[in-house]
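# Survey of secondary and tertiary structure
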Amino acid sequence: MESVKHHSNINQHNNQSLLRGFLIASPHETNRLAWVNKTCKELPGIQVVPAIYPSQIHIPFLRALQQKSKERTGYALKEGEIGILLSNRKIWRNIVASNASEAEAFLILESDSELKNPELLRKHFTMLTSQYDLFFFGSWLGNTSLLRSTRQPLEQGYAFGTPFIKSISGGYGYALNKKAARHLLASSNKIAHPVDEFKRYITPNYLRIGAILPELISVYPGESTIGERPHEPAKEKLKMLLLNIRNAIISYCR
């Protein structure tokens, strides 16, 4: 099987017209290599960066970090959750330190990210991200709600606008510029929640946030490499239904 090709420098790409970004992956995720290589062929401006696995790379004070997250949130982050937090923070630092313009947005993907419509993504990426500091091409497995007053049609049944902040979750398909990268670095400096719980890290009204529906980027089915929290499917299904109803009502009124 073709191996994942890693790149370390954000400034390597000379073709500035390419959609640029990062895909977090590891050669140890052998069942995902085909997906990763497929994504890289569809989006040649994407750089694969090594995922940080605490089980494979020494993380100083790992147990202390887990304990501190439990003290602050009531839940101790799993090793995999700490790894993905550190992986994203590394990318945000690279974006801030790069020679990119303040307005350029970088797409962030994970090894199980699935491009639902690569052609539409490439076609509208710059137009969509230029209007926002942080844009979600996929979020909460399609359960994100757009505020009705901001909703705009795109094409092929897609629409974009400002999402209801409490309906944002997931780090498998988002784009951000330097302003957003700086903000997320500062707000996540003290370990607490999983990195994909963006609503806990974003200062209200500081960033321009956008999203698209249906998702242009989703996730391939399969087992999580981060580690699953204990769950009860029946209760979670009911909870999701109630949350979707609540979010739809709030979004319609706004």
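Residues numbered from 1 in each chain as written. Predicted model: local features only at pLDDT ≥ 70, side-chain atom pairs only at ≥ 80, totals over all residues. Heavy atoms only, no water.

### Looking at the overall build of the chain
Scanning the chain from N- to C-terminus turns up six helices and 10 strands. Residues counted as buried form 49% of the 254 residues belonging to the chain. Contacts in the chain between residues at least 24 apart in sequence constitute 81% of all its contacts with a sequence separation of at least 6. When the accessible surface of the chain is summed, it comes to about 13000 Å², and 54% of that surface belongs to carbon and sulfur atoms. (Helix = DSSP H or I, 4+ residues; strand = E, 2+ residues; numbered from the N terminus. Buried < 20%, exposed > 50% of the residue type's maximum accessible area, 1.4 Å probe, protein only. Contact = heavy atoms within 4.5 Å. Areas by Shrake-Rupley, 256 points an atom, 1.4 Å probe, with all protein chains shown as cover.)

### Regarding the nonpolar core
Ranked by size, the top nonpolar core spans 37 residues in total, and within it W92, I95, L134, F136, Y174, L176 and F198 carry the most contacts. Residue assignment for this core shows that the elements contributing at least two residues are β1 (21-25), α3 (79-97), β3 (106-110), β5 (134-136), β8 (173-176), α5 (178-187) and β9 (209-213). At six residues, the largest contribution of residues to this core is made by α3. Those residues in contact with L134, other than ones at most four positions away along the chain, are Y174, A175, L176, A180, F198, I202, R208, I209 and G210. By size, the runner-up hydrophobic cluster in this structure holds 26 residues, among which are L23, A25, L120 and F137. (Core = buried A, V, L, I, M, F, W, Y, C linked by side-chain atoms within 4.5 Å.)

### Brief notes about the confidence of the model for the chain
Confidence in the prediction for the chain averages 90 pLDDT; 89% of positions are at 70 or higher. Note on residues 1-9: pLDDT under 50 across the span, and 23 contacts to partners over four residues away in sequence or across chains. In the model, residues 11-16 has pLDDT below 50 throughout and makes nine contacts with residues more than four positions away in sequence or in other chains. (pLDDT = per-residue confidence, 0-100.)

### Here's the deal with the environment of S111
Topologically, S111 is positioned in the loop between β3 and β4 (113-115). In this structure the C-alpha to C-alpha distance between S111 and I24, which are 87 residues apart in sequence, comes to 5.9 Å. Excluding anything up to four places from it in sequence, S111 contacts L23, I24, A25, E29, R32, W35 and V36. Only 2.7 Å separates the side chain of S111 from the side chain of R32, close enough to count as a polar contact. (Polar contact = N/O pair within 3.5 Å; in protein donor to acceptor, adjacent residues only side chain to side chain.)

### Quick word on the sheet that holds strand β2 (residues 46-50)
On the basis of which strands lie adjacent, the open sheet formed by eight strands has the order β2-β1-β3-β8-β5-β9-β7-β6 and mixed pairing. The open sheet has two edge strands with one neighbour each: β2 and β6 (152-153). The sheet contact formed by β1 and β2 spans five bridges and is parallel. Within β2, the residue paired with I24 across the bridge is V49. (Pairing = 2+ DSSP bridges.)

### Examining unusual backbone geometry
A cis amide bond links L213 with the next residue in sequence, P214, at an omega value of -10°. Along the chain, the position of P214 falls in the loop between β9 and β10 (217-219). A positive phi angle, near 60°, is found at F61, a position not held by glycine. Looking at the element boundaries, F61 is found in the loop between β2 and α2 (62-73). For F61, a relative accessible area of 68% translates into the label exposed. Positive phi, close to 50°, is recorded for W140, a residue that is not glycine. By the secondary structure assignment, W140 is in the loop between β5 and β6. For W140, a relative accessible area of 17% translates into the label buried.

### A short note on the packing of aromatic side chains
Counting across every chain of the model gives eight aromatic pairs. Arranged with centres 6.2 Å apart and planes meeting at 35°, the rings of F136 and Y174 form a pair that is tilted. Here F136 is found in strand β5, whereas its partner Y174 is found in strand β8, with 38 residues between them in sequence. When sorted by exposure, F136 lands in the same class as Y174, which is buried. Above the plane of the ring of Y252 lies R148, whose end atom (NZ or CZ) is 4.2 Å from the centre. Note that K179 overlies the ring of Y206, its terminal NZ or CZ placed 4.7 Å from the centroid. (Phe/Tyr/Trp six-rings, centres within 6.5 Å; stacked < 30°, edge-to-face > 60°. Lys NZ or Arg CZ within 6 Å of the ring centre and 35° of its normal.)

### Side note on the pairing of β1
Counting buried residues along β1, five of its five residues qualify, which places the element largely inside the surrounding structure. Burial of the side chains of β1 extends over both faces: G21, L23 and A25 are buried on one face and F22 and I24 on the other. Chirality of the crossover, the property in question, places the unit of β1, helix α1 (residues 33-42) and β2 among those that are right-handed. (Right-handed = clockwise from strand over helix to strand, strands pointing away.)

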